[in-house]
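Next come the chains, spelled out residue by residue.
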Amino acid sequence: DAGVIQSPRHEVTEMGQEVTLRCKPISGHDYLFWYRQTMMRGLELLIYFNNNVPIDDSGMPEDRFSAKMPNASFSTLKIQPSEPRDSAVYFCASRAFTGELFFGEGSRLTVL
Amino acid sequence: GESVGLHLPTLSVQEGDNSIINCAYSNSASDYFIWYKQESGKGPQFIIDIRSNMDKRQGQRVTVLLNKTVKHLSLQIAATQPGDSAVYFCAENIATALIFGKGTTLSVSS
């Protein structure tokens, strides 16, 4: 299996622009998670899905953030409009039946 | 807020020493715990897990200890190698979501 696949790996954008991060989970995993990692706050859970349905989005910082999972093999995290404080590494992870989370390599976002 | 934390942000050891990384959690309802390792520029990688009905679990060169009385978790790495240098996170399972602590940076010198 190819593992969790995220794109883009790096994104540099200007404040106010829309950012879309993409994730392909491991086939057969029914949970998908989005995390954000910064030096100050560590790994923060933003939102997670079960069978494509959002279960808990209480970690989404603001209305500027939205996430979708239109099918079992694809999810997006969108920031519109982006701000410099959104600069972070965004991780997608999917969950096996055993409970272990498998992470992607992350998308490093820099908002200027 | 976070319910999982680590006692020390950094740990420096010599190659061949045993390393112990500690973690305190606050949610007594947590039933599952995982240790992850994160190398620079990569996503966190599973090391070992333990369920709340156990107090010890061993893997290859790693052991996780769980003390539910004081809500403490530790990761022991035997014969630490330079390749073990990374950031280590403990995570607890709360209502099907994994909540992570801030991490301990392990530095191994030859």
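These lines cover the structure that appears in this document, whether it is placed above or below. (Residues numbered from 1 in each chain as written. Chains lettered and ligands numbered in written order. Predicted model: local features only at pLDDT ≥ 70, side-chain atom pairs only at ≥ 80, totals over all residues. Heavy atoms only, no water.)

## Examining the overall build of chain B
Test applied: Labels follow the DSSP assignment, with helices taken as runs of H or I lasting at least four residues and strands as runs of E lasting at least two, numbered in each case from the N terminus. Here the radius of gyration uses the C-alpha set of atoms, whereas the globule reference equals 2.2 Å times the residue count to the power 0.38. Relative accessible area decides the class of each residue, using a 1.4 Å probe on protein chains only: under 20% of the type maximum gives buried, over 50% gives exposed, and in between gives partly exposed. Every residue pair with non-hydrogen atoms within 4.5 Å of one another is taken to be in contact.
Along its length, chain B carries zero helices and 11 strands. Mapped from its N terminus to its C terminus, chain B presents α and β elements in the order β-β-β-β-β-β-β-β-β-β-β. Relative to a compact globule of 110 residues, whose C-alpha radius of gyration would be 13 Å, chain B shows 13 Å and is just as compact. Reported as C-alpha extents along the three principal axes, the dimensions of chain B are approximately 40 × 25 × 20 Å. Out of the 110 residues in chain B, the part that is buried amounts to 43%. Here the contacts in chain B between residues at least 6 apart in sequence split such that 53% fall between residues at least 24 apart.

## Some points on the pairing of strand E7 (residues 65-71) of chain A
All names here are of chain A. Note the threshold: Two strands qualify as a pair provided that DSSP identifies no fewer than 2 bridges between them.
When E7 meets strand E8 (residues 74-79), the two strands line up antiparallel, connected through five bridges. If you follow Asn-71 over to E8, its bridge partner there is Phe-74. Counted along the chain from E7 to the antiparallel partner E8, the turn is two residues long.

## Some thoughts on the nonpolar core
How we decide: Definition of nonpolar core: a set of buried residues of the types Ala, Val, Leu, Ile, Met, Phe, Trp, Tyr and Cys, connected through side-chain atoms within 4.5 Å.
Core analysis: the largest hydrophobic core is formed by 21 residues, its most contacted members being Trp-34, Leu-77 and Tyr-90 of chain A. Contributing elements (two or more residues each) for this core: strand E3 (19-24), strand E4 (31-38), strand E5 (42-50), E7, E8, strand E9 (88-95) and strand E11 (107-111) of chain A. If near-sequence neighbours (up to four positions away) are discounted, Tyr-90 of chain A is found in contact with Gln-6, Leu-21, Tyr-35, Arg-36, Leu-46, Phe-65, Leu-77, Ile-79, Gly-106, Ser-107 and Leu-109 of chain A. Grouped together as the second largest cluster of nonpolar side chains are 20 residues, Val-13, Cys-23, Leu-66 and Cys-90 of chain B included.

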